[in-house]
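These are the residues of each chain, in order.
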Amino acid sequence: MPVCRLLPCLALALLSACASVDPSAPSAAYAQALERAAQQDSMRSECDWSVRYAPVATKDASVAQLQAIATARLAALQLAPAWSLSLPGSVARAFTDSDEDRAGLQLLLSIVLPAIERYPAGVFAETGLRHVVLVKDLSVDGQRRLAMPAPEIDSVVYADNLLAAMCPSGMELRVHHEYYHFIEYRLFNDFYYRDPAWLALNPPGTAYGQGGATAYGKGFQNLGHPHPGLVSLYAAYGPEEDKAEVFGWMMTPAYTVRLQQWTALDPALLAKREKLMEVLGTLAGSY
């Protein structure tokens, strides 16, 4: 079977069919890389593939034009973009004006910008977020990542790592998830703070794993609501991931309906959702 038939329909819509004779069509190697990325997407089992994000510009917009749009929209939130990353242990590349990079940046911005714009006024200033880093091919300590918090440079980082093959709303969930890690660090000066108030919300017998990094590289699928009190399987990897996952599901429209349905029958999960709404409301002054 040709590789292009295996790719998600989103990748096909963005990049055109593999069989096209158009010289700008993606190479076979790129199509194969997209397929590998699709297979490794931890959110594919919980994805609503009907959810689409509107492009931020016309299809032929250059990288410079896309960057200008991002700069203007983030400035309205008193944030600024950064287009490169220099942090110990982290590697990323800047976007070029190739066809693949233009499509990748367009898709990344179509998800990240409206996600960031969902927040009530005051949250970013209160938490000290100043920059949104937008790059491609991000890896952290050798592990490929789509997003990461970077409070040491007052930033969150979002990347196009062949995002065209992946669940779009799953990427938005990651936008909020990683920003919550940023919030947690600013609240407690610790990514791994074992908040006694949070731990007290767990049903008896709840046990956490050894941290989110241990989920990578195993074909992990982040299934929803696997146990009472846990919004997702990834939430079980640590209390810090538990918080960030509830926050991500709460803030992402494609997932929040399911979260609300589960909380109707799961008082522990309801208490966690209410706790994080309280945190967000406290930071913003209203929610």
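What counts, and where the lines are drawn
Residues numbered from 1 in each chain as written. Predicted model: local features only at pLDDT ≥ 70, side-chain atom pairs only at ≥ 80, totals over all residues. Heavy atoms only, no water. Helix = DSSP H or I, 4+ residues; strand = E, 2+ residues; numbered from the N terminus. Buried < 20%, exposed > 50% of the residue type's maximum accessible area, 1.4 Å probe, protein only. Contact = heavy atoms within 4.5 Å. Areas by Shrake-Rupley, 256 points an atom, 1.4 Å probe, with all protein chains shown as cover. Expected span 1.5 Å × (residues − 1). pLDDT = per-residue confidence, 0-100. Disulfide = S-S within 2.5 Å. Salt bridge = Lys/Arg side-chain N within 4 Å of Asp/Glu carboxyl O. Axes fitted to C-alpha atoms, helices over the stretch in contact; angles between N-to-C directions. Parallel < 35°, antiparallel > 145°, perpendicular 65-115°, else oblique. Nonpolar A, V, L, I, M, F, W, Y, C, P; charged D, E, K, R; others polar. Core = buried A, V, L, I, M, F, W, Y, C linked by side-chain atoms within 4.5 Å. Pairing = 2+ DSSP bridges. Phe/Tyr/Trp six-rings, centres within 6.5 Å; stacked < 30°, edge-to-face > 60°.

## A few points about the overall build of the protein
Right, on to step 1. The secondary structure content of the protein amounts to ten helices and eight strands.
Right, on to step 2. In the protein, which comprises 287 residues, the share counted as buried stands at 54%.
Right, on to step 3. Within the protein, contacts between residues at least 6 apart in sequence are counted, and of these 71% link residues at least 24 apart.
Right, on to step 4. Accessible area for the protein stands at about 12,800 Å²; split by element, carbon and sulfur atoms hold 55% of it.

## Some points on helix α8 (residues 239-251)
Right, on to step 1. Here α8 contains 13 residues, and its C-alpha end-to-end distance of 18 Å stays within 8% of the 18 Å for a straight helix at 1.5 Å per residue.
Right, on to step 2. Burial analysis of α8 places 13 of its 13 residues in the buried class, which makes it a mostly covered element.

## Comments concerning the confidence of the model for the protein
Right, on to step 1. Per-chain confidence: the protein averages 89 in pLDDT, with 87% of residues scoring 70 or above.
Right, on to step 2. pLDDT under 50 marks residues 1-23. Its contacts with residues more than four places away, or in other chains, come to 37 contacts.

## Some details on the state of the cysteines
Right, on to step 1. If you walk through the whole model with that rule in mind, you get one disulfide.
Right, on to step 2. Paired through a disulfide, Cys47 and Cys167 show a sulfur-sulfur distance of 2.2 Å. The chirality of the disulfide connecting Cys47 with Cys167 is right-handed, given an S-S dihedral of about 85°. One end of the pair, Cys47, is in the loop between α2 (28-40) and α3 (63-75); the other, Cys167, is in the loop between β6 (155-160) and α6 (168-188), with 120 residues separating them in the sequence. Cys167 matches Cys47 in its accessibility class, with the two residues each being buried.

## With respect to the pattern of salt bridges
Right, on to step 1. A full pass over the atoms with the stated rule returns 14 salt bridges.
Right, on to step 2. For Glu172, the salt bridge identified is with Arg118, shortest N-O distance 2.6 Å. Note that Glu172 is positioned in helix α6 and Arg118 in the loop between α4 (99-116) and α5 (123-127), a separation of 54 residues in sequence.
Right, on to step 3. Owing to a relative accessible area of 0%, Glu172 belongs among the buried residues under this scheme.
Right, on to step 4. Residue Arg186 is joined to Asp154 by a salt bridge in which the shortest nitrogen-to-oxygen separation is 2.7 Å.

## Some points on the packing of α3 against α4
Right, on to step 1. Contact geometry of α3 with α4 gives a least axis separation of 10 Å together with a crossing angle of 10°. In this view, α3 runs roughly parallel relative to α4, as classed from their interaxial angle. Taken together, the residues of α4 that come into contact with α3 (itself represented by Val63, Leu66, Gln67, Ala70, Arg73 and Leu74) are Arg102, Leu105, Gln106, Leu109, Leu113, Pro114 and Ile116.
Right, on to step 2. Grouping the constituent residues of the contact of α3 with α4 by class yields nine nonpolar, two polar and two charged.

## Focus: the nonpolar core
Right, on to step 1. Membership of the largest hydrophobic core comes to 71 residues, with the highest contact counts inside it found for Tyr158, Tyr179 and Phe247.
Right, on to step 2. A per-element tally of this core places α4 first, with nine residues.
Right, on to step 3. Core analysis: the second largest hydrophobic core is formed by eleven residues, Leu87, Val133, Val140 and Ala159 among them.

## Some remarks on unusual backbone geometry
Right, on to step 1. Positive phi, normally seen in glycine, also occurs at Gln78, with a value near 60°.
Right, on to step 2. Structurally, Gln78 can be placed in the loop between α3 and β1 (80-82).

## What to know about the pairing of β6
Right, on to step 1. Counting buried residues in β6 gives six out of six residues, a clear majority hidden from the surface.
Right, on to step 2. Here β6 shows no split at all, with Ser155, Val157 and Ala159 on one side and Val156, Tyr158 and Asp160 on the other all buried.
Right, on to step 3. The pairing of strand β3 (residues 131-140) with β6 spans six bridges and is classified as parallel. Within the sheet, the bridge partner assigned to Leu134 lies in β6 and is Tyr158.
Right, on to step 4. Both strand β5 (residues 147-150) and β6 contribute to a ladder of four bridges, which runs antiparallel. The residue bridging Ala147 from the neighbouring strand is Tyr158, located in β6.

## Here we look at the packing of aromatic side chains
Right, on to step 1. In the structure shown here, the tally under the stated rule is 14 aromatic pairs.
Right, on to step 2. A centroid spacing of 5.5 Å and a plane angle of 85° characterise the contact between Phe220 and Tyr237, whose relative ring orientation is edge-to-face. Highlighted residues: Phe220 in the loop between α7 (196-199) and β7 (224-227) and Tyr237 in the loop between β8 (230-232) and α8, separated in sequence by 17 residues. For the pair Phe220 and Tyr237, a shared accessibility class is recorded, and that class is buried.

## Focus on the packing of α8 against helix α10 (residues 267-284)
Right, on to step 1. One can describe the packing of α8 onto α10 by two numbers: an axis separation of 10 Å at closest approach and a directional angle of 80°. The orientation of α8 relative to α10 falls into the category roughly perpendicular. Contact residues: α8 offers Asp242, Lys243, Val246, Phe247, Met250 and Met251, while α10 offers Leu269, Lys272, Arg273, Leu276, Met277 and Leu280.
Right, on to step 2. When its residues are assigned to classes, the contact of α8 with α10 shows eight nonpolar, no polar and four charged.

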